[in-house]
Structures are given as C-alpha cells and as structure tokens.
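So the chains spell out like this:
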Amino acid sequence: MSGLRLYGVPGKMTRRLAGLVVASQGLAVFFGALVARGLGSATGSNTSSTFMLMGSLLAGLCILDAGLLRQPWGITLGWILQIATLACAFVVPTMLFVGVLFGALWLTALAKGRAIDEHISHVDAQWYAAQEAPAPGSSSAHDAGPGTSPPDPSEQQSATQDG
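Keep in mind that this is a model prediction, so the values were computed, not measured.

**Considerations on the packing of helix H1 (residues 12–42) against helix H4 (residues 95–132)**
Part 1 of the reasoning: Interhelical geometry of H1 versus H4 gives an angle of 170° and a closest axis separation of 7 Å. Taken together, H1 and H4 sit at an angle that is classed as roughly antiparallel.
Part 2 of the reasoning: Classifying every residue of the contact of H1 with H4 gives 16 nonpolar, five polar and four charged.

**What about the state of the cysteines?**
Part 1 of the reasoning: Here the structure, examined in full by the defined rule, presents zero disulfides.
Part 2 of the reasoning: Free cysteine: cysteine 62, not disulfide-bonded; nearest cysteine sulfur from cysteine 88 at 8.6 Å.

**Thoughts on the nonpolar core**
Generally speaking, nonpolar side chains in soluble globular proteins are found buried as a group.
Part 1 of the reasoning: Formed by 19 residues in total, the largest nonpolar core has its most connected members in Ala18, Leu81 and Trp106.
Part 2 of the reasoning: Elements that contribute at least two residues to this core include exactly H1, helix H2 (48–67), helix H3 (74–87) and H4.
Part 3 of the reasoning: Considering every element that reaches this core, the biggest residue donor is H4, with six residues.
Part 4 of the reasoning: Excluding anything up to four places from it in sequence, leucine 81 contacts Val22, Gln25, Leu58, Leu61, Cys62 and Asp65.

**Remarks on the environment of serine 45**
Part 1 of the reasoning: Topologically, serine 45 is positioned in the loop between H1 and H2.
Part 2 of the reasoning: A residue is classified by how much of its surface remains accessible, and serine 45, at 29% relative accessible area, is partly exposed.
Part 3 of the reasoning: A polar side-chain atom of serine 45 sits 2.7 Å from a polar atom in the side chain of threonine 47.

**Concerning the packing of aromatic side chains**
Part 1 of the reasoning: Under the defined criterion, the tally for this structure stands at three aromatic pairs.
Part 2 of the reasoning: Between tryptophan 79 and tryptophan 106, the aromatic rings sit 6.1 Å apart at their centres with planes inclined by 85°, giving edge-to-face as the arrangement. Pair noted here: tryptophan 79 is in helix H3 and tryptophan 106 is in helix H4, with a separation of 27 residues, a long-range link.
Part 3 of the reasoning: Look at tryptophan 127 and tyrosine 128: their rings are 4.9 Å apart centre to centre, the planes differ by 80°, and that puts the pair in the edge-to-face class.
Part 4 of the reasoning: Given the relative accessible area of 27%, tryptophan 127 is considered partly exposed.
Part 5 of the reasoning: The class for tyrosine 128 is exposed, based on a relative accessible area of 52%.

The rules behind these values
- Residues numbered from 1 in each chain as written.
- Predicted model: local features only at pLDDT ≥ 70, side-chain atom pairs only at ≥ 80, totals over all residues.
- Heavy atoms only, no water.
- Axes fitted to C-alpha atoms, helices over the stretch in contact; angles between N-to-C directions.
- Helix = DSSP H or I, 4+ residues; strand = E, 2+ residues; numbered from the N terminus.
- Parallel < 35°, antiparallel > 145°, perpendicular 65-115°, else oblique.
- Nonpolar A, V, L, I, M, F, W, Y, C, P; charged D, E, K, R; others polar.
- Disulfide = S-S within 2.5 Å.
- Core = buried A, V, L, I, M, F, W, Y, C linked by side-chain atoms within 4.5 Å.
- Buried < 20%, exposed > 50% of the residue type's maximum accessible area, 1.4 Å probe, protein only.
- Contact = heavy atoms within 4.5 Å.
- Polar contact = N/O pair within 3.5 Å; in protein donor to acceptor, adjacent residues only side chain to side chain.
- Phe/Tyr/Trp six-rings, centres within 6.5 Å; stacked < 30°, edge-to-face > 60°.

If you want it as structure tokens, here you go:
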C-alpha cells in the first residue's frame, strides 16, 4: 500500500470510491450519535444533547467531504474524519468497530481507486497510440473517435462533386 495519499487531488475512480465510503460513514456516525444521545439521556447525563450535536456535525462533515474530494485538502479531511470516527468509541464503545471498518474501507478505496485510475490511464494511452498509428492500407484511423462509425462514402462522393 505504498503511495497512499495524505494530500492532493485523487483520480476520478479514487474520488468515487472514497466519496462513497466517507458518505456512508456519515450515516453510520449519525446513527452512532443517536445512540450516544439515547445512552446519555438514559443515564441522566447533561451531555446527551452535546453528543447529538457533535455527532451530527461529524456526520455532516463526512457527507460534505464526499463532495470535497476534488479539493487538494479533501483527502486530508477524510483522514481526519477517520480518526474522529475512531475517537467516537470513547462515548459509544461499539463505534470502535464502525471506525475500524470504515478505516479499512477508506484504505481500500484509496489503494484500489488509484490502481483503477492507473489502469484506465494505461488503457487510454494504448487506445490513443493505436489511433495515431494507422494500419497499412487504411484511411486515417483517427478520423473517427471511440464509439463512432466511419464516414458514409456517399457523403464523401457528393462533397467531391460539389467542390
């Protein structure tokens, strides 16, 4: 897992995977905040509303970070949110399991997302290289892009007769 980012703008697939993980983590953190509020109220603690407020803030930051991964500091905020989720275990011990689970998913999203981004760029480079080098005996290979059909010969004939 060398090359994990702590800062910077990740590739498109890395952003998608990491965004999915951190947004889902926001939902789990919010439900953990509800549990913390319920436990605080059941024990008669005055901090139950503070638990709910802090948990909701953390959940909101998780969901916000899913959209901010295009910013260079979006990945850094994601790492901070992973640590904050682990810290929630001091209030609700079960959140340790949630923090470890989403931390592992975060690491996997960053590692596999980067591998997918590298694979896509490699395949794209091969495709563009093949388009630049036309096959012997064929017309220009890069006239049509991927997913397009070659030009209609009848249109070419009418264009040459008009000119």
